[in-house]
2 protein chains.
Amino acid sequence: MQPSDKALVPFVSVDHMMQLIHRVGLPEMIRRIADAIEDDFRRWESFDKTPRVAAHSPVGVIELMPTANDTQYAFKYVNGHPKNTAEGLQTVTAFGLLADVDTGYPVLLSEMTMLTALRTAAMSALVAKHLAPKGADTMAMIGNGAQAEFQSIAMQTICGITTVRLYDNDPDATRKCATNLTGTGLTVVPCATAEDAIEGAQILTTCTADKQYATILTDNMVGSGVHINAIGGDCPGKTELAEAILHRSSIFVEYPPQTRVEGEIQQLDPDHPVTELWTVFSGAHPGRRDAREITLFDSVGFAIEDFSALRVVHALTVETGLNLPLDLLADPDNPRDLYGMLMRAG
Amino acid sequence: MQPSDKALVPFVSVDHMMQLIHRVGLPEMIRRIADAIEDDFRRWESFDKTPRVAAHSPVGVIELMPTANDTQYAFKYVNGHPKNTAEGLQTVTAFGLLADVDTGYPVLLSEMTMLTALRTAAMSALVAKHLAPKGADTMAMIGNGAQAEFQSIAMQTICGITTVRLYDNDPDATRKCATNLTGTGLTVVPCATAEDAIEGAQILTTCTADKQYATILTDNMVGSGVHINAIGGDCPGKTELAEAILHRSSIFVEYPPQTRVEGEIQQLDPDHPVTELWTVFSGAHPGRRDAREITLFDSVGFAIEDFSALRVVHALTVETGLNLPLDLLADPDNPRDLYGMLMRAG
């Protein structure tokens, strides 16, 4: 039996996603996602917002991240299991959905393991565009896992950095990252220590995966005037920065009710002042105030970023036809005759 | 590029689901789901539970319903848009996912429009098995939409009812339902009014779809000794029963934090006594106490029911191979080399 058009939801597989990215070009794709995020954050007050819904187990977390505005609804399913890597699996896998608020019908189902890497990098670079010191040309990239290359290329594309200084406690990760970045135009400097990596860098990115309180950056490693892009601390009990750094920094966050629980600021009092990034993007807050200020993006990842990324992919899918129509929704001729549809299929 | 096994998630389309149901037989499928729900509700305390996460709009709602125990995680996406029917669309569409808690990897993606109809009917019949008066043989089915036939067959299969008395304010719906039930062995009596439908019925099922406070059953329609199976009142502002009925009834619910907001009992004080069904299934609560008691299942649908239904479908999918492997997860050879995987696909 052939399902009707209404029953079919376009599905973007991992392979489709990679084809889409190559067709558009990775830097351009990151730029489009960053632009979409900036637009959507400027419309912040038109979104339904809720902290993600997490199911924690001793070895990881599975989360749902929904959001909606008047016309579109999106959610992402994402897991975080640091021990997966040792078993040959991804730490983070994800997929997501975009739906029409008026009918509740899904309009796109998409892989988001790849897309999350792009949107996380796009968000980091978008924030750095607003907060990093003028003329920043060097980023320290601490943690050279699956995010590292995307972060580097996003910072190159959107902020104009020319050099990345790589460090990971596993030298194989650094070698992988350095090899992958060959030919991107970036000057790549593998470093033997985190202290070495931050040398001369105006942007310090931390992206490590341990599910425990860690101190990737100690207080004395952070000089004045830098921008810290702290990505790895993103669930309760998982942080990367010495608390003292937080007290010296102007802290910028996506959505406080979520970041207070998951971000670096879980180390601070619940009323410690933070600035919401949407107010920076909208121009209501000036962002960086002076050259000596330490700015900190306490990144945990918020549902609107996925919403924005899915919007970009949806438009590209319509444009390119790169998708597999999936028979996901039952669509009987008479909507009240689900049973009759079942019986006729027998 | 051929994705590896780890990247593939079995997808059960609507067509696969219908084939599965026909292979097993609808009554047997409903029975297996009811058994799985009963098992899972008996293990109630081993589940992570949360009220569903709803995004309301003026015309409908989109919900996510997650739950997990130590080994498996499930969630369902479901919308409710009563006005859809007039546009030739389903009021309710749904799909769901089962995942492995240890890795966070999905193990099944499935349509759930059809499956939700089965699990809702299975839950209603399971509850009626415990609460309906002894020897109940007749059900009034008020609201003859997409759920009606499934409810009737579930009550026949699990509770042994022999007669259904149908009423809907749209006679076409009643005609559709009566025609569909031909050959099931049920005696089907189309009725011109709701009052007529409840005549001689020991089980009163209400399943209407208006998103507003409605009074499908008035107080004087409900005599002593009946079991009310109230399905349609399932979101804030949507109820079906006169409040006076609630005060005369012993009220049984799935998960109080959700039912207090969405069910018939949203009409009552937040501390009005209710009994949790898992205590009935486990034997801790006796259920119906005497022949004159009015028992009321204030059904709103809970995530564990979907978890149970997905478990049943997953087992059948493994057994029959009826699924489409979906390239949903990025699975690079080196888990930290997502970027390398992307570049090699270019």
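Residues numbered from 1 in each chain as written. Chains lettered and ligands numbered in written order. Predicted model: local features only at pLDDT ≥ 70, side-chain atom pairs only at ≥ 80, totals over all residues. Heavy atoms only, no water.

Naming follows an unreviewed UniProt entry, where chain A appears as Ornithine cyclodeaminase of Marivita hallyeonensis.

### Comments concerning the domain arrangement of chain A
All names here are of chain A. Segmentation of chain A into domains returns domain 1 (5-114 + 304-344) and domain 2 (125-302). A straight line from the C-alpha centre of domain 1 to that of domain 2 covers 26 Å. At the junction of the two partners, domain 1 supplies 25 residues and domain 2 supplies 24 residues. Interface area lost by domain 1 to domain 2 is led by Glu38, Trp44 and Arg52, which between them contribute 24%. Here domain 1 is connected to domain 2 by 2 salt bridges. A salt bridge links Glu38 to Lys129, with the shortest nitrogen-to-oxygen separation between them at 3.2 Å. At the junction of domain 1 and domain 2, the tally comes to 11 residue pairs in polar contact (both at pLDDT 80 or more). Looking at the side of domain 1 that touches domain 2 element by element, the count peaks at 9 residues for helix H2 (residues 26-42). Among the residues forming the side of domain 1 that touches domain 2, the class breakdown is 12 nonpolar, 4 polar and 9 charged. (Domains from an automatic or database assignment. Contact = heavy atoms within 4.5 Å. Buried area = accessible area lost by both parts, 1.4 Å probe. Salt bridge = Lys/Arg side-chain N within 4 Å of Asp/Glu carboxyl O. Polar contact = N/O pair within 3.5 Å; in protein donor to acceptor, adjacent residues only side chain to side chain. Helix = DSSP H or I, 4+ residues; strand = E, 2+ residues; numbered from the N terminus. Nonpolar A, V, L, I, M, F, W, Y, C, P; charged D, E, K, R; others polar.)

### Here we look at the relation of the copies chain A and chain B
Think of it as a corkscrew move, a rotation about one axis and a shift along it, taking one chain copy to the other. Superposing chain A onto chain B takes a rotation of 180 degrees plus a shift of 0.0 Å along the axis, which leaves an RMSD of 0.0 Å. The symmetry that links the two subunits is that of a two-fold axis. Taken as a fraction of all interface residues of chain A, those also at the interface in chain B reach 100%, which identifies the copy contact as same-surface. (Least-squares fit on C-alpha atoms with pLDDT ≥ 70 in both.)

### Thoughts on the sheet that holds strand S10 (residues 203-206) of chain A
Residues and elements named next belong to chain A. Across the sheet, which stays open at both edges, the 8 strands sit in the order S9-S8-S7-S10-S12-S16-S14-S15 with parallel pairing between neighbours. Across the chains shown, the open sheet's two edge strands, defined by having one partner strand only, are strand S9 (187-190) and strand S15 (275-276). In this fold helix H4 (residues 148-159) packs onto strand S7 (138-142), strand S8 (163-167), S10 and strand S12 (227-230), with an angle of close to 165 degrees to the strand it touches most, S7. Contacts between helix H5 (residues 171-181) and the sheet are confined to S8 and S9, with S8 contributing the most and set at about 160 degrees to the helix. (Pairing = 2+ DSSP bridges. Axes fitted to C-alpha atoms, helices over the stretch in contact; angles between N-to-C directions.)

### Quick notes on the packing of aromatic side chains
Any pair of aromatic rings gets described here by the distance separating the centres and the angle formed by the planes. Within the structure shown, the criterion is met by 27 aromatic pairs over all chains. Ring geometry for A:Phe75 and B:Tyr77: centres 6.1 Å apart, planes at 25 degrees, overall stacked. Within this pair, whereas A:Phe75 is found in strand S4 (residues 72-80), its partner B:Tyr77 is found in strand S4 (residues 72-80), the two belonging to separate chains. Taking the relative accessible area as the measure of exposure, A:Phe75 reaches 0% and is therefore buried. By relative accessible area, B:Tyr77 is classed as buried at 0%. Centre to centre, the rings of A:Tyr77 and A:Phe95 are 5.3 Å apart; their planes meet at 25 degrees, and the pair counts as stacked. (Phe/Tyr/Trp six-rings, centres within 6.5 Å; stacked < 30°, edge-to-face > 60°. Buried < 20%, exposed > 50% of the residue type's maximum accessible area, 1.4 Å probe, protein only.)

### Overview of helix H1 (residues 14-24) of chain B
All names here are of chain B. All of the buried residues along H1 are Val14, His16, Met17, Met18, Leu20, Ile21 and Val24. The N-terminus of H1 is capped by Ser13, whose side-chain oxygen sits 3.3 Å from the backbone nitrogen of Asp15. Looking one or two residues beyond H1, the residue adopting positive phi is Gly25, at roughly 95 degrees.

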